Amino acid sequence: QQPVQSPQAVILREGEDAVINCSSSKALYSVHWYRQKHGEAPVFLMILLKGGEQKGHEKISASFNEKKQQSSLYLTASQLSYSGTYFCGTEIKGSARQLTFGSGTQLTVLP
Amino acid sequence: NAGVTQTPKFQVLKTGQSMTLQCAQDMNHNSMYWYRQDPGMGLRLIYYSASEGTTDKGEVPNGYNVSRLNKREFSLRLESAAPSQTSVYFCASSEGKVGGGYTFGSGTRLTVV
């Protein structure tokens with residue numbers, strides 16, 4: 001039931017773009033995205049509820065393809081502060097309201 | 001604006017000892033959760049409480065018990081700690097409604113020797 005994230009790790013230079021993918025084998029009710037910096041708690045970024053929905057602000061956005069049970073997180077013109085581990089969390093249709101998290105994508109932005 | 005408060009932040013236990021991890025939220029959230037985080041494994045759900053008075057097992061409940069003491073507080077108990085329970089434990093809360101994200105506490109780093 002755990003969603004699969006890819007890539008596992010990515011290294012960027014400041015100003016470069018990145019895409020993180022999340023896919024599930026189950027029909028999804030929603031997809032959440034969180035960022036966790038080393039030694040800290042995960043922080044909520046956004047939630048996507050409807051198929052085809054895209055959300056975001058400034059340079060971090062996400063899309064949700066309900067038919068393919070996939071979501072992607074887009075980081076545009078990355079900044080040093082974007083470094084951390086990104087997790088997607090999925091709520092499966094027909095199950096209780098609980099999140100199952102992927103294993104994470106470690107993003108490192110270099111100057 | 002404290003959010004979700006967890007205590008203690010660090011703990012070392014000997015195998016077989018028991019302890020309770022405390023969690024409290026001040027956002028009037030309905031739902032609360034306990035996750036454990038191990039390297040390379042992401043966050044795995046131990047137990048959750050959809051609303052005051054209810055608790056349910058998550059993905060990895062064995063060796064743990066929980067109590068939803070009131071709307072604010074949700075505790076996690078290890079009755080007989082084992083080295084396999086060495087992990088970072090996070091408590092989280094949410095409104096429990098459509099569109100709500102989770103707010104996490106700062107975590108408890110537990111080592112069982």
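Note that the structure is a prediction, hence the values are computed from the model and not measured.

(A) Region of interest: the confidence of the model for chain B. When pLDDT is averaged across chain B, the result is 94; 97% of the residues are at 70 or more. Element-level pLDDT for chain B is lowest in strand S6 (residues 56–57) of chain B, with a mean of 94, against a maximum mean of 98 in strand S8 (residues 74–78) of chain B.

(B) Structural detail: the packing of aromatic side chains. Here the structure, examined in full by the defined rule, presents 11 aromatic pairs over all chains. Ring geometry for Tyr 33 of chain B against Tyr 48 of chain B: centres 6.4 Å apart, planes inclined by 20°, an arrangement best described as stacked. Of this pair, Tyr 33 of chain B sits in strand S4 (residues 31–38) while Tyr 48 of chain B sits in strand S5 (residues 42–49), and the two are 15 residues apart along the sequence. When sorted by exposure, Tyr 33 of chain B lands in the same class as Tyr 48 of chain B, which is buried. Ring centres of Tyr 64 of chain B and Tyr 89 of chain B lie 5.9 Å apart, and the angle between their planes is 65°; this geometry places the pair in the edge-to-face category. Taken together, the residues Tyr 64 of chain B in strand S7 (residues 64–68) and Tyr 89 of chain B in strand S9 (residues 87–94) connect sequence positions 25 residues apart. By relative accessible area, Tyr 64 of chain B is classed as buried at 4%. Among the residues examined, Tyr 89 of chain B registers a relative accessible area of 0% and is labelled buried. One aromatic cluster is present, built from ring pairs that chain together Tyr 34, Phe 44 and Phe 101 of chain A together with Tyr 33, Tyr 35, Tyr 48, Phe 90, Tyr 102 and Phe 104 of chain B.

(C) Representation of the interface of chain A and chain B within the structure. Counting residues at the interface gives 19 residues for chain A, matched by 20 residues for chain B. For the pair chain A and chain B, the summed buried surface comes to about 1500 Å²; carbon and sulfur atoms form 58% of the total. At the junction of chain A with chain B, the criterion picks out zero salt bridges. On the surface where chain A and chain B come into contact, there are five residue pairs in polar contact (both at pLDDT 80 or more). Contributions of two or more residues to the side of chain A that touches chain B are made by strand S4 (28–36) and strand S5 (43–48) of chain A.

(D) Structural detail: unusual backbone geometry. Of the consecutive residues Ser 6 of chain A and Pro 7 of chain A, the connecting peptide bond is found in the cis state with omega at -10°. Among the structural elements, Pro 7 of chain A can be located in the loop between strand S1 (4–6) and strand S2 (9–13). Look at the link from Thr 7 of chain B to Pro 8 of chain B: it is a cis peptide, with omega at -5°. With respect to the helices and strands, Pro 8 of chain B occurs in the loop between strand S1 (4–7) and strand S2 (10–13). For Gln 69 of chain A, which is not glycine, the phi torsion reads 55° and is therefore positive. Position of Gln 69 of chain A relative to the elements: it lies in the loop between strand S7 (60–65) and strand S8 (70–75).

(E) Quick peek at the state of the cysteines. Applying the stated rule across the entire model yields two disulfides over all chains. In this model Cys 22 of chain A forms its disulfide with Cys 88 of chain A; the gap between the sulfur atoms is 2.1 Å. The S-S bond linking Cys 22 of chain A to Cys 88 of chain A shows a torsion near 75°; that makes this disulfide right-handed. Placement of the pair is Cys 22 of chain A in strand S3 (residues 18–23) and Cys 88 of chain A in strand S9 (residues 84–92), with a sequence separation of 66 residues. Each member of the pair Cys 22 of chain A and Cys 88 of chain A is classed as buried. Covalent S-S linkage joins Cys 23 of chain B and Cys 91 of chain B, the inter-sulfur distance amounting to 1.9 Å. Disulfide Cys 23 of chain B-Cys 91 of chain B: the torsion about the S-S bond is -70°, which places it as left-handed. Of this pair, Cys 23 of chain B sits in strand S3 (residues 19–25) while Cys 91 of chain B sits in strand S9, placing them 68 residues apart in sequence. Taking the relative accessible area as the measure of exposure, Cys 23 of chain B reaches 3% and is therefore buried.

Rules and cut-offs
- Residues numbered from 1 in each chain as written.
- Chains lettered and ligands numbered in written order.
- Predicted model: local features only at pLDDT ≥ 70, side-chain atom pairs only at ≥ 80, totals over all residues.
- Heavy atoms only, no water.
- pLDDT = per-residue confidence, 0-100.
- Helix = DSSP H or I, 4+ residues; strand = E, 2+ residues; numbered from the N terminus.
- Phe/Tyr/Trp six-rings, centres within 6.5 Å; stacked < 30°, edge-to-face > 60°.
- Buried < 20%, exposed > 50% of the residue type's maximum accessible area, 1.4 Å probe, protein only.
- Contact = heavy atoms within 4.5 Å.
- Buried area = accessible area lost by both parts, 1.4 Å probe.
- Salt bridge = Lys/Arg side-chain N within 4 Å of Asp/Glu carboxyl O.
- Polar contact = N/O pair within 3.5 Å; in protein donor to acceptor, adjacent residues only side chain to side chain.
- Disulfide = S-S within 2.5 Å.

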